[in-house]
Amino acid sequence: MTDEHNAVIGYAMFSRFHIEGKYEDELLILTPVAVKTELQRQHISKELLEYGFTKAQALGFKAVLVEGNPKNYNPRGFQTSCLFGITAGPNIKLPRPECLMIKELEEGALEHISGIVDYSFYETLCEDSL
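Since the structure is predicted, the reported quantities are computational estimates derived from the model, not experimental observations.

Quick notes on the overall build of the protein chain
Reasoning step 1: Within the protein chain, the secondary structure is distributed over two helices and seven strands.
Reasoning step 2: Relative to the 2.2 N^0.38 estimate, which gives 14 Å for 130 residues, the radius of gyration of the protein chain is 16 Å and therefore close to what a compact globule would have.
Reasoning step 3: Going through the 130 residues of the protein chain one by one, you find that 32% of them count as buried.
Reasoning step 4: The long-range share in the protein chain, meaning contacts at least 24 apart out of those at least 6 apart in sequence, stands at 65%.
Reasoning step 5: Accessible surface for the protein chain amounts to roughly 8,400 Å². Of this, 50% is attributable to carbon and sulfur atoms.
Reasoning step 6: Side-chain charges of the protein chain comprise 12 positive and 19 negative groups, with the mean position of each set lying 7 Å from the other.

This is the structure we're talking about:
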């Protein structure tokens with residue numbers, strides 16, 4: 001998001017994500033979301049997220065996963081992911097299970113999405129090829 005002078009004031013990044021090698025064409029992960037410090041608490045992140053949800057849904061994605069404070073994400077429709085059989089893997093250190101959340105972009109989408117969330121595949125992006 002930019003202001004009237006085209007200066008960046010906030011952003012939200014949605015990336016394709018898979019769980020156990022599945023759902024990559026249906027699932028996105030939201031990280032990070034940021035708003036310029038002096039403009040926080042003005043609902044800019046809400047606008048960014050709602051815009052992102054609309055775009056993601058139009059592209060055919062069914063759900064969005066996020067790790068964070070439930071107080072920030074529950075009002076945007078995110079629910080604790082373990083309620084849907086989506087749990088954090090052993091290498092993900094969450095303060096509480098409720099900190100891993102998911103939002104349906106299409107009603108009933110989470111009826112067939114489940115598994116263990118694991119970020120270890122990102123490690124292969126940094127492997128030395130020498």
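Let's pick the thread back up.
A look at the environment of Tyr11
Reasoning step 1: Considering the arrangement of structural elements, one finds Tyr11 in strand β1 (residues 10-16).
Reasoning step 2: The exposure class of Tyr11 is partly exposed, given its relative accessible area of 43%.
Reasoning step 3: Linking Tyr11 and Thr87, residues 76 residues apart in sequence, is a C-alpha distance of 27 Å.

Observations regarding the side chain of Lys103
Reasoning step 1: Within the secondary structure layout, Lys103 lies in strand β6 (residues 100-104).
Reasoning step 2: In this structure, Lys103 is buried with no salt-bridge partner, the nearest side chain bearing the opposite charge being Glu50 at 5.4 Å.
Reasoning step 3: Looking at Lys103, its side chain comes within polar contact range of the main-chain oxygen of Arg76, at 2.9 Å.
Reasoning step 4: Non-local contacts of Lys103, meaning those with residues more than four positions away in its chain, are made with Phe53, Lys62, Ala63, Val64, Arg76, Gly77 and Phe78.

As for the packing of aromatic side chains
Reasoning step 1: Under the counting rule described, the total for this entry stands at four aromatic pairs.
Reasoning step 2: Judged by centre distance (6.0 Å) and plane angle (80 degrees), the rings of Phe14 and Phe53 are edge-to-face. Here Phe14 is found in strand β1, whereas its partner Phe53 is found in helix α1 (residues 44-58), with 39 residues between them in sequence.
Reasoning step 3: A residue is classified by how much of its surface remains accessible, and Phe14, at 22% relative accessible area, is partly exposed.
Reasoning step 4: What links up through ring pairs into an aromatic cluster is the set Phe14, Phe53, Tyr73 and Phe78.

Structural notes on the environment of Ala34
Reasoning step 1: In this fold, Ala34 is placed in strand β2 (residues 27-35).
Reasoning step 2: In this structure the C-alpha to C-alpha distance between Ala34 and Ala63, which are 29 residues apart in sequence, comes to 21 Å.
Reasoning step 3: Excluding its chain neighbours within four sequence positions, the residues that come into contact with Ala34 are Ile9, Gly10, Tyr11 and Leu48.

What about the sheet that holds β1?
Reasoning step 1: As summarised here, the arrangement of the five strands in space is β1-β2-β3-β6-β4, forming an open sheet in which the pairing is mixed. Looking at the sheet topology across the chains shown, the edges are occupied by β1 and β4 (79-80).
Reasoning step 2: Sheet strands touched by α1: β1, β2, β3 (63-67) and β6. Its angle to β2, the strand with the most contacts, is close to 155 degrees.

The rules behind each value
Residues numbered from 1 in each chain as written. Predicted model: local features only at pLDDT ≥ 70, side-chain atom pairs only at ≥ 80, totals over all residues. Heavy atoms only, no water. Helix = DSSP H or I, 4+ residues; strand = E, 2+ residues; numbered from the N terminus. Rg over C-alpha atoms; globule rule 2.2 N^0.38 Å. Buried < 20%, exposed > 50% of the residue type's maximum accessible area, 1.4 Å probe, protein only. Contact = heavy atoms within 4.5 Å. Areas by Shrake-Rupley, 256 points an atom, 1.4 Å probe, with all protein chains shown as cover. Lys, Arg positive; Asp, Glu negative; His and termini not counted. Charge placed at Lys NZ, Arg CZ, Asp CG, Glu CD. Salt bridge = Lys/Arg side-chain N within 4 Å of Asp/Glu carboxyl O. Polar contact = N/O pair within 3.5 Å; in protein donor to acceptor, adjacent residues only side chain to side chain. Phe/Tyr/Trp six-rings, centres within 6.5 Å; stacked < 30°, edge-to-face > 60°. Pairing = 2+ DSSP bridges. Axes fitted to C-alpha atoms, helices over the stretch in contact; angles between N-to-C directions.

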